[in-house]
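The chain contents come next:
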Amino acid sequence: MACLKLGSRADVFRKQGQDWYCTTGLPSDITVTVGEQSFHLHKFPLLSKSGLLERCIREKIENGDNSCVIDLSDIPGGAKAFELTAKFCYGVKFEMTASNVVHLRCAAEYLEMTEEIAEGNLIAQTENFLTQTVLRSWKDSIKALHTCDDIIDLAEKLQIVKRCIDSVATRSCTDPDLFGWPVVQYGGPMQSPGGSVLWNGISTGARPRHSSPDWWYDDVSCLSLPLYKKVISAMEYRGINQDIIVGSLNHYAKRRLPGLNRRKSISDVSSCLSISSLTSIPSEEEQKYLLEEIDRLLPFQRGVTSCKLLFGLLRTAIILKASPSCVSNLERRIGMQLDKATLEDLLIPNISESVETLYDVDCVHKILDHFLAMDQETGGASPGLGEDAQMLASPSLMPITMVAKLIDGYLAEVAPDVNLKLPKFRSLAAAIPDYARPIDDGLYRAIDIYLKAHPHLSESEKEELCRVMDCQKLSLEACTHAAQNERLPLRVIVQVLFFEQLQLRSSIAECLMVSENLEGGSRQLIPTISGEQYRPGWPLASRENQALREGMDNMKQRVADLEKECSTMRDEIERLGRSRSTGKGRFSLNMKPQICSTKEAIPTTATTTATASEEKMAVVKGDTTPRLKLSRHKKKLSIEA
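Residues numbered from 1 in each chain as written. Predicted model: local features only at pLDDT ≥ 70, side-chain atom pairs only at ≥ 80, totals over all residues. Heavy atoms only, no water.

As recorded in an unreviewed UniProt entry, the protein goes by NPH3 domain-containing protein and comes from Oryza rufipogon. Reading the Pathway (unreviewed entry) entry of the UniProt record for the protein gives the comment "Protein modification; protein ubiquitination." (UniProt positions renumbered as here; feature names shortened; annotations may be inferred.)

So, in structure tokens, the structure goes:
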């Protein structure tokens, strides 16, 4: 920290209790009281530097007041500041630093220590030190600004606050390596082989500093909220990135709000609260005011503030009972980017005395309503439909699909709560549009958990709850589980079984369609692959297609074999029927031989038909027995004739 040494005399001041004495050998002729402390001094050194003290001493003398006691209890900086100004008036050695220069400047202004009274007076000395030294250093500017809290009005009147804030804001937007030490050369500090920084070729022992955009967070967090707000506003005016502003607000809030550190370890929480400016944890009123101010400072843009910070602020606001506008703003901010939240973020404990549920389901419902309203405004709630009335995949549907999955998981977490009423559970489940859930397995799981935790529900209440679920969107595994789930209403189980059969039929139809397409295009696939349009990715596809074709060919061959067996069995049945009819024909020929002619060449019609039929049967069976019987019959006829 830079300092300026003033004065040349040795220290002549000593303190006894609450009284200060000047040990110059001369008796004091004036007493200055500042609060509870008294300074027994001499008139001449004071009136030669201060216009205010000169007037006061003159008035005392004119009024005949020999005691000459002057009360300066309202001097900026109090007794400490007056002690330094008194040393300056006596020429005693002391150091002006960034920690006391603001108090000295304001005290000098109050005491009217101008150049008209004396050359090189305290106002000129403090102004020169502020301008030439303090405002050119980041650390000194922060320390000087930090000391402005108790004298903020006069410091602002003298433009000290504004100049310090401008210095801090300007340097926060600049790479610290550009105004740090050692001097940056050739685009970066030179380093020795050991890694230390070189100064004119000599190792300084210092390690190179790799700055990041958040290098100034810790320094600024020591400022009070009014000064911090001014610094943030000045940074925003200079166009600093909003992400960096939000990071600083996050760092500042975690230092001042213990509730934001609930997920950290005890050591991390204690380190966050160990700040020089904080002597104790702020009261609830101070924390509430701080939280509401941080809510006003946060940019109202999607994706700039992390969901972790917003949910932490919301939990703290609910615990501290912040204003309804603050809570509503935080819910709206979260709703703008609900798709980036996690299930752990949504588990907000319920501290309301009127509701006995474990988690604040109403708050999550409000956040979801804000998200759906924003999604409707941006056009994301209008799904694209194709010619077959199926939803088309588009980037606008991705956030709401993620939110639907998130809400289904949240419903499964809160479902075991026995105090969670059915209307509240059903309302949150039904708030998600139908098109946002490509599959209802998550919703079915949440409903099943709720039914298990609430066995007292009537059949009508169960059916009402299950109406929010679309049985057609259940996977095969979910359908199998639902078909055997005794907790579901009978009507729902029947629907599940029906749609499960439809899914199986659709799957079989798709497989047959794919096989027919492969069969029709199998002849064109080989010349395409072997032709000039061959591509590196085709061998694997061709092998898969070849395997499918072989499987289909085997299936066709098996079907053909079955058809051949059926045809053989049909012929056998016909043969047996014909053989019975043929046996009756022979019996009639043997019983009535007289109808036959004596001539060998003119057989009866019945005999001719039977003989022809027997010959055909013999040809088909490859048997010569009918022919032998026919020749014997002819011989018998010829002998009788």
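We are not done yet, so read on.
**Things to note about empty space enclosed by the protein**
Counted by the stated rule, this structure contains one cavity of 30 Å³ or more. In this structure, the largest cavity occupies an estimated 50 Å³ of space. If you trace the largest cavity, you find it lined by P299, F300, Q301, R302, T305, L310, R333, M336 and Q337. In terms of residue class, the lining of the largest cavity is built from four nonpolar, three polar and two charged. (1 Å grid on protein atoms, 1.4 Å probe; cavity = no way out; pocket = protein on both sides within 12 Å on 5 of 7 lines; lining within 4 Å. Points joined across faces, edges and corners; volume = space filled by probe spheres on them. Nonpolar A, V, L, I, M, F, W, Y, C, P; charged D, E, K, R; others polar.)

**Focus on the side chain of Q37**
Examined against the element boundaries, Q37 turns out to sit in strand β5 (residues 37-41). A relative accessible area of 19% means that Q37 is categorised as buried. Within the structure, the side chain of Q37 is placed 3.0 Å from the side chain of W20, a separation counted as a polar contact. Those residues in contact with Q37 that sit more than four places away from it in its chain are K15, Q18, W20, V32 and A79. (Helix = DSSP H or I, 4+ residues; strand = E, 2+ residues; numbered from the N terminus. Buried < 20%, exposed > 50% of the residue type's maximum accessible area, 1.4 Å probe, protein only. Polar contact = N/O pair within 3.5 Å; in protein donor to acceptor, adjacent residues only side chain to side chain. Contact = heavy atoms within 4.5 Å.)

**Some remarks on the nonpolar core**
Judged by nonpolar contacts, the single largest core of 151 residues is most densely connected at L41, L72, F82 and L338. Ranked by residue count, the leading element in this core is helix α18 (residues 398-414), at nine residues. Beyond its immediate chain neighbours, meaning those up to four positions away, L72 contacts V32, T33, V34, L52, L53, F82, Y110 and L111. (Core = buried A, V, L, I, M, F, W, Y, C linked by side-chain atoms within 4.5 Å.)

**Side note on the pattern of salt bridges**
Applying the stated criterion across every chain yields a total of 22 salt bridges. A salt bridge links D166 to R238, with the nearest nitrogen and oxygen atoms 3.4 Å apart. Placement of the pair is D166 in helix α8 (residues 160-172) and R238 in the loop between α10 (225-237) and α11 (242-256), with a sequence separation of 72 residues. Put simply, D448 and R487 hold a salt bridge, and the shortest N to O gap is 3.0 Å. On the criterion of sequence distance, the pair formed by D448 in helix α20 (residues 441-453) and R487 in the loop between α22 (476-483) and α23 (490-530) is long-range, its members being 39 residues apart. Accessibility expressed as a relative area gives 30% for R487, which makes it partly exposed. Each of D11, K80, E83 and K87 takes part in a single network of salt bridges with overlapping partners. (Salt bridge = Lys/Arg side-chain N within 4 Å of Asp/Glu carboxyl O.)

**Digging into the packing of aromatic side chains**
The tally for this structure, following the rule as stated, stands at seven aromatic pairs. Seen from their ring centres, F39 and F82 are 5.0 Å apart, and the 70° between their planes marks the pair as edge-to-face. Of this pair, F39 sits in strand β5 while F82 sits in helix α3 (residues 78-90), and the two are 43 residues apart along the sequence. Neither F39 nor F82 differs from the other in exposure class; each is buried. Note on F425 and Y450: the rings are 4.5 Å apart at their centroids and 15° apart in plane angle, and the pair reads as stacked. Taken together, the residues F425 in helix α19 (residues 422-430) and Y450 in helix α20 connect sequence positions 25 residues apart. Of the residues examined, Y450 reaches a relative accessible area of 1% and is grouped as buried. (Phe/Tyr/Trp six-rings, centres within 6.5 Å; stacked < 30°, edge-to-face > 60°.)

**Thoughts on the pairing of strand β4 (residues 30-34)**
Within β4, five of the five residues are buried, which leaves it mostly tucked inside the rest of the structure. Burial along β4 is two-sided: the residues I30, V32 and V34 and T31 and T33 are all buried. Examined bridge by bridge, β4 and β5 share five bridges and lie antiparallel to one another. Bridged to T31 within β5 is H40. Hairpin geometry of β4 and β5 is characterised by an intervening segment of two residues between the two adjacent antiparallel strands and by a positive phi of about 65° at G35. In this sheet, strand β6 (residues 69-71) lies alongside β4 in parallel orientation, the contact comprising three bridges. Paired with T31 across the bridge in β6 is V69. (Pairing = 2+ DSSP bridges.)

**A look at the layout of surface pockets**
The volume enclosed by the largest pocket comes to roughly 440 Å³. Lining of the largest pocket is provided by 22 residues; of these, I318, V327, S352, D360 and K366 occupy positions nearest its centre. Mapped by element, the contributors of at least two residues to the lining of the largest pocket are α14 (307-320), α15 (324-336) and α17 (361-377). Among the residues forming the lining of the largest pocket, the class breakdown is ten nonpolar, five polar and seven charged.

**Digging into the pairing of strand β3 (residues 19-22)**
Here β3 shows one buried face, formed by W20 and C22, and one open face, formed by D19 and Y21. The pairing of strand β2 (residues 13-16) with β3 spans four bridges and is classified as antiparallel. Following the sheet pairing, Q16 is matched in β3 by D19. Hairpin connection between β2 and β3: a loop of two residues separates the two successive antiparallel strands, and G17 in this loop has a positive phi of roughly 70°. By the bridge criterion, three bridges tie β3 to β5 in an arrangement that is parallel. Across the sheet, residue Y21 finds its bridge partner in β5, namely H40.

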